[in-house]
Amino acid sequence: MGLRYLTVLGAPAFTPASLSGLFGWCDASNSGSITKDGSNKVSQINDLSGANKHFSQATGGEQPTWLSADQNGKDTLQFNGSNLANAYGSTISTFTFWAALKPTTQATFDALVSSPTATTGGITLENGPGTLLNCWIENVGAVAAGSSGTYPNNTAQTVFLTYTSGDLQIFVNNSQTGTSSTASRFLNTPITIGDDDRGAFGSFRGKFFEWGFNTVVISSGERASLQSYLGAKWGF
């Protein structure tokens, strides 16, 4: 049995707070950041980055469900036609989105995360046909499609989406599965987890464990550290 993650004696352990450009970080296992009702329907999950980029959903029928000790002994959020939105107020032209999650069933064009898709350049990370991930750019179409089978059902895994200066890349478990040269960007509001903002795509069906955003493309070393952190924490 090998060591999956090593903390150097005297050095602080890695967390997403260690990442450059962090402006949003949500963790379903952090019970103090979750607002839920008696039926475990979640109306808000607070941002742990300190930037106050909280995600919320006021409509009961569209709220994800909190699941206790569901993955590696930790709480998760179940999405099935539900979503959480964040009203971020500035255009983001360089970014990283990352998440630890577990899709259960996939249909083509089910959205994991999206920015306003009604505007040219709005971007959606979605399921593609054949258990893969691709991006949809409004008024451009599908780009950065991966290989079939690289995003399997019923499997805990990480996804990364990065963009800067026309270079868009998708990673699953820190292995690149898609890349494209395309003009795209996250726009201002809202950023939606589990669906797109206008109902043009289907909803993500599965579980989100933890996710975040950065206003930079994180380095390959940071991505590897984040992969190790999420894999060890969530048991994959």
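Residues numbered from 1 in each chain as written. Predicted model: local features only at pLDDT ≥ 70, side-chain atom pairs only at ≥ 80, totals over all residues. Heavy atoms only, no water.

Participant: Go over the overall build of the chain with me, naming the residues and quoting the values.
Facilitator: Each helix and strand counted, the chain has 1 helix and 18 strands in total. Burial statistics for the chain: of 236 residues in total, 50% are counted as buried. In the chain, the proportion of contacts linking residues at least 24 apart, taken out of those at least 6 apart, comes to 64%. For the chain, the accessible surface area stands at approximately 9,300 Å², while carbon and sulfur atoms represent 48% of it. (Helix = DSSP H or I, 4+ residues; strand = E, 2+ residues; numbered from the N terminus. Buried < 20%, exposed > 50% of the residue type's maximum accessible area, 1.4 Å probe, protein only. Contact = heavy atoms within 4.5 Å. Areas by Shrake-Rupley, 256 points an atom, 1.4 Å probe, with all protein chains shown as cover.)

Participant: Explain the confidence of the model for the chain to me, using residue names and the numbers behind them.
Facilitator: In this model, the chain carries an average pLDDT of 88, and 89% of its residues clear a pLDDT of 70 or more. Across residues 1-8, where pLDDT falls below 50, the model places 9 contacts with residues more than four positions away in sequence or in other chains. (pLDDT = per-residue confidence, 0-100.)

Participant: Which residues make up the pattern of salt bridges, and what values do they have?
Facilitator: Any two side chains of opposite charge can pair, given that their charged atoms come close. Summed over the entire model, instances satisfying the criterion amount to 4 salt bridges. Between Asp110 and Arg205 there is a salt bridge, with its nearest N and O atoms 2.6 Å apart. Placement of the pair is Asp110 in strand S9 (residues 110-114) and Arg205 in strand S18 (residues 205-214), with a sequence separation of 95 residues. On the accessibility criterion, Arg205 (26% relative accessible area) is partly exposed. Glu210 is paired through a salt bridge with Lys233; the nearest N and O atoms lie 3.0 Å apart. A residue pair is termed long-range when its members are at least 10 positions apart, and Glu210 in strand S18 and Lys233 in helix H1 (residues 220-234) qualify at 23 residues. Residues Glu210 and Lys233 agree in their burial class; the two are buried. One salt-bridge network, in which partners are shared between bridges, spans Asp27, Glu210 and Lys233. (Salt bridge = Lys/Arg side-chain N within 4 Å of Asp/Glu carboxyl O.)

Participant: Now, about the pairing of strand S3 (residues 42-45): what can you tell me, with residues and values included?
Facilitator: Of the strand pairs in this sheet, strand S2 (residues 34-36) and S3 are connected by 3 bridges, and their pairing is antiparallel. Counted as the bridge partner of Thr35 is Gln44 from S3. Counted along the chain from S2 to the antiparallel partner S3, the turn is 5 residues long, and its residue Asn40 has a positive phi close to 65°. Relative to strand S4 (residues 55-56), S3 is paired through 2 bridges, and the arrangement is antiparallel. Of the residues in S4, the one forming a bridge with Gln44 is Ser56. (Pairing = 2+ DSSP bridges.)

Participant: Can you tell me about H1, naming the residues and giving the values?
Facilitator: Its 15 residues give H1 an end-to-end C-alpha distance of 21 Å, which sits within 8% of 21 Å, the value for a rise of 1.5 Å per residue. For H1, the full list of buried residues reads Glu222, Arg223, Leu226, Gln227, Tyr229, Leu230, Gly231, Lys233 and Trp234. (Expected span 1.5 Å × (residues − 1).)

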